[in-house]
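# Examination of the molecular architecture
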Amino acid sequence: MRRMSGTHSPSSKKKILIVDDHAFVRQGLRDFIEREADLSICGEAANRAEALRLCTAADPHLVLIDLSLGGDSGLDLVKDIVVNFPGIKTLVLSMQDELLYAERVLRAGAAGYVSKSSHPDQLVEAVRCVLNSGVYASEAVKQKIMQTVRHAEAGCDPVVSLSDRELAVFEQIGKGLSTADIAEAMHLSVKTVETYRARIKTKLDVHGSAELVQRAVQWILDKKG
């Protein structure tokens, strides 16, 4: 991909805040993005609290967010920014299943989703698209959204019907975490997690904890291919 030519003063560059819980990934993103003459990194955050603080302190034009932030949810961060910083655009960069999460990300208010398995130049393309007030998604995601609209999700995987929080709990169940472990990881009460588990069982027509765990584990395995 051809780099943009010309000289840009620091004040004319678009400022990007990177939010990822891995320092190695943040450094790689910084090195790649700052090769672009019109883009600069104004800060890095490893979690939701740091990111929200820097939204005020660094005043970014765009926040690049990973969905998995240790014990925090990148999706919740997107929602926080949409509500509290409506002038800041958000773009998600993640390893999570694109066809499952991209639509949720867009519904949450992000302006785009890029898979970490994509070519690096695709990230710059997405960043510029979002900064120019566009919405970025892969062709596969666009097709899925069109199919969802056309068929009203008839006959699709019932996991799609789970709310964002329910899906997060379901994923943790599939990874073998207990209710107490999930509560600690997601900063929720045990009672709240139990409520989510009950709702998941109803939506997936699952009877009993053992069947729920089996269903969640199988879903994780299917995602890995």
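These numbers were taken from a predicted model, which means no experiment stands behind them.

Our next topic: the pairing of strand β2 (residues 39-45). Across the seven residues of β2, five count as buried, placing the element largely inside the fold. Here strand β1 (residues 14-19) runs beside β2; their pairing, made up of six bridges, is parallel. Its bridge partner being in β2, Val19 is matched across the sheet by Ala45. For the segment spanning β1, helix α1 (residues 23-33) and β2, crossover handedness is right-handed.

All right, on to the sheet that holds strand β7 (residues 113-115) then. Spatial strand order, β2-β1-β3-β6-β7: five strands in an open sheet with parallel pairing. Only two strands of the sheet have a single partner each, and these edge strands are β2 and β7. Here the average twist between neighbouring strands, direction ignored, is 25°. Bridging between strand β3 (residues 62-65) and strand β6 (residues 89-94) involves four bridges; their strand directions are parallel. Bridge assignment links Val63 to a residue of β6, and that residue is Thr90.

Once that is clear, we can look at the packing of helix α2 (residues 48-57) against helix α3 (residues 74-84). Where α2 contacts α3, the two axes come as close as 10 Å, and the packing angle between them is 25°. Considering the angle they form, α2 stands roughly parallel to α3. Seen along the crossing, α2 lies across α3 with a hand that is right-handed. In this structure, α2 contributes Arg48, Ala51, Leu52 and Cys55 to the contact, and α3 contributes Asp76, Leu77, Asp80 and Ile81. Within the contact of α2 with α3, the residues separate by chemical class into five nonpolar, no polar and three charged.

Counting through the fold element by element, Asp38 comes out in the loop between α1 and β2. A distance of 2.8 Å separates the side chain of Asp38 from the side chain of Arg128, its partner in a polar contact.

This part takes up α3. Residue pairs spaced three or four apart in an α-helix point in one direction, given the helix's 3.6 residues per turn. Among the residues making up α3, those that are buried are Gly74, Leu75, Asp76, Leu77, Val78, Asp80 and Ile81. In this structure Ser73 caps α3, since a side-chain oxygen of it lies 3.2 Å from the backbone nitrogen of Leu75.

Turning to α2, its buried residues number three or more, namely Ala51, Leu54 and Cys55. Buried positions in α2, seen along its axis, are confined to an arc of 110° and lie on one side of it. With respect to the buried face of α2, the exposed residues turned more than 90 degrees away are Ala49, Arg53, Thr56 and Ala57. Buried positions along α2 lie against β1, β2, β3 and α3. Here α2 starts with a cap whose side-chain oxygen sits 3.2 Å from the backbone nitrogen of Ala49, and that cap is Asn47.

Criteria and thresholds
- Residues numbered from 1 in each chain as written.
- Predicted model: local features only at pLDDT ≥ 70, side-chain atom pairs only at ≥ 80, totals over all residues.
- Heavy atoms only, no water.
- Buried < 20%, exposed > 50% of the residue type's maximum accessible area, 1.4 Å probe, protein only.
- Helix = DSSP H or I, 4+ residues; strand = E, 2+ residues; numbered from the N terminus.
- Pairing = 2+ DSSP bridges.
- Right-handed = clockwise from strand over helix to strand, strands pointing away.
- Axes fitted to C-alpha atoms, helices over the stretch in contact; angles between N-to-C directions.
- Parallel < 35°, antiparallel > 145°, perpendicular 65-115°, else oblique.
- Left-handed = near helix turned anticlockwise from the far one by under 90°.
- Contact = heavy atoms within 4.5 Å.
- Nonpolar A, V, L, I, M, F, W, Y, C, P; charged D, E, K, R; others polar.
- Polar contact = N/O pair within 3.5 Å; in protein donor to acceptor, adjacent residues only side chain to side chain.
- Arc of directions from axis to C-beta.

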